[in-house]
Amino acid sequence: MRISRSGDYIAQIRLIGGRVFEKLLADSGAETFNGPQGKILDALWQKDGLSMNEIGKATGLASSTLTSMLDRMELAGLVKRVRSGEDRRVVRIYLDTRAQDCRHLYRKVSEEMTRIYFQDFRDEEIEEFENYLLRVLQNVRDADRKDH
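Keep in mind that what you see is a predicted model, and the values were worked out from it rather than measured.

Chemist: Even after reading the chapter, I still don't get helix 1 (residues 6-27), so can you show me in this structure?
Modeler: Each α-helix turn comprises 3.6 residues. Residues three or four places apart therefore point the same way. With 22 residues, helix 1 should cover 32 Å at 1.5 Å per step; its first-to-last C-alpha distance of 31 Å lies within 8% of that length. Restricting attention to buried positions, one finds in helix 1 the residues Gly17, Phe21 and Leu25. The arc that holds every buried residue of helix 1, seen down its axis, measures 70°, which confines them to one face. Of the residues in helix 1, the exposed ones pointing more than 90 degrees away from the buried face are Leu15, Arg19, Lys23, Ala26 and Asp27. Structurally, helix 1 contributes buried residues whose contacts are with helix 2 (35-46) and helix 5 (97-117). Taken from the residues just after helix 1, glycine 29 is the one with a positive phi, measuring 95°.

The following block contains the structure:
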């Protein structure tokens, strides 16, 4: 198999896309959260009350990164931590009132990013591309599990 540049391309897309997303977020007037925090909020908007482990799996963020981000988000009134009633070792993360007000803004910026990413793509191309990305993601997740 030849050496692929795909990893380089993905890394560049992530870095440049992150800058574009942050600019769109700033231009939209969002001051309550940043792009990485938006990933956490998005996971909680899909299913509130996730554990840190579940948020890590949903976002790909490491637990050490999550801890400090959640500290800042809790201070900003975006999330609250609640110890699980079933297992006191588990802390569940819930959306706080300020986070609910941000959802429409995050969605609007995300839709604009999707438009930028897939400009001039047909729906079939987008679906095929995302299927390939999911396969690559599964491969790296499998490799990551083998190392732990």
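Back to the text.
Chemist: Looking at this structure, how should I read the packing of helix 2 against helix 3 (residues 52-59)?
Modeler: Closest axis-to-axis distance for the helix 2/helix 3 pair is 10 Å, and the angle between their directions is 110°. By the angle between their axes, helix 2 is roughly perpendicular relative to helix 3. For the pair helix 2 and helix 3, the crossing hand works out as right-handed. Of helix 3, the residues touching helix 2 (which contributes Lys39, Ile40, Ala43 and Leu44) are Ile55, Ala58 and Thr59.

Chemist: In this structure, what is going on with the sheet that holds strand 1 (residues 50-51)? I would like to understand it.
Modeler: Backbone hydrogen bonds hold the strands of a sheet together, and the pairing may be parallel or antiparallel. Pairing is antiparallel in the open sheet, where three strands are placed in the order 1-3-2. The open sheet has two edge strands, strand 1 and strand 2 (79-83), and neither has a second partner. Alignment of strand 2 against strand 3 (residues 91-95), held across five bridges, turns out to be antiparallel. Across the sheet, the residue bridging to arginine 81 is isoleucine 93, located in strand 3.

Chemist: I tried to follow the nonpolar core on my own but got confused; where do I start?
Modeler: The biggest cluster of nonpolar side chains holds 26 residues, and the ones touching the most others in it are Ile40, Leu41, Leu44, Leu78 and Val79. Within the residue set of this core, elements represented by two or more residues are helix 1, helix 2, helix 4 (63-75), strand 3 and helix 5. Per-element tally for this core: the top contributor is helix 5, with six residues. Not counting residues up to four positions away in its chain, the partners in contact with valine 79 are Leu41, Leu44, Leu70, Met73, Glu74, Ile93, Tyr94, Leu95 and Asp96.

Rules used throughout
Residues numbered from 1 in each chain as written. Predicted model: local features only at pLDDT ≥ 70, side-chain atom pairs only at ≥ 80, totals over all residues. Heavy atoms only, no water. Helix = DSSP H or I, 4+ residues; strand = E, 2+ residues; numbered from the N terminus. Expected span 1.5 Å × (residues − 1). Buried < 20%, exposed > 50% of the residue type's maximum accessible area, 1.4 Å probe, protein only. Arc of directions from axis to C-beta. Contact = heavy atoms within 4.5 Å. Axes fitted to C-alpha atoms, helices over the stretch in contact; angles between N-to-C directions. Parallel < 35°, antiparallel > 145°, perpendicular 65-115°, else oblique. Left-handed = near helix turned anticlockwise from the far one by under 90°. Pairing = 2+ DSSP bridges. Core = buried A, V, L, I, M, F, W, Y, C linked by side-chain atoms within 4.5 Å.

Scope: geometric values only; no functional claims are made or implied.
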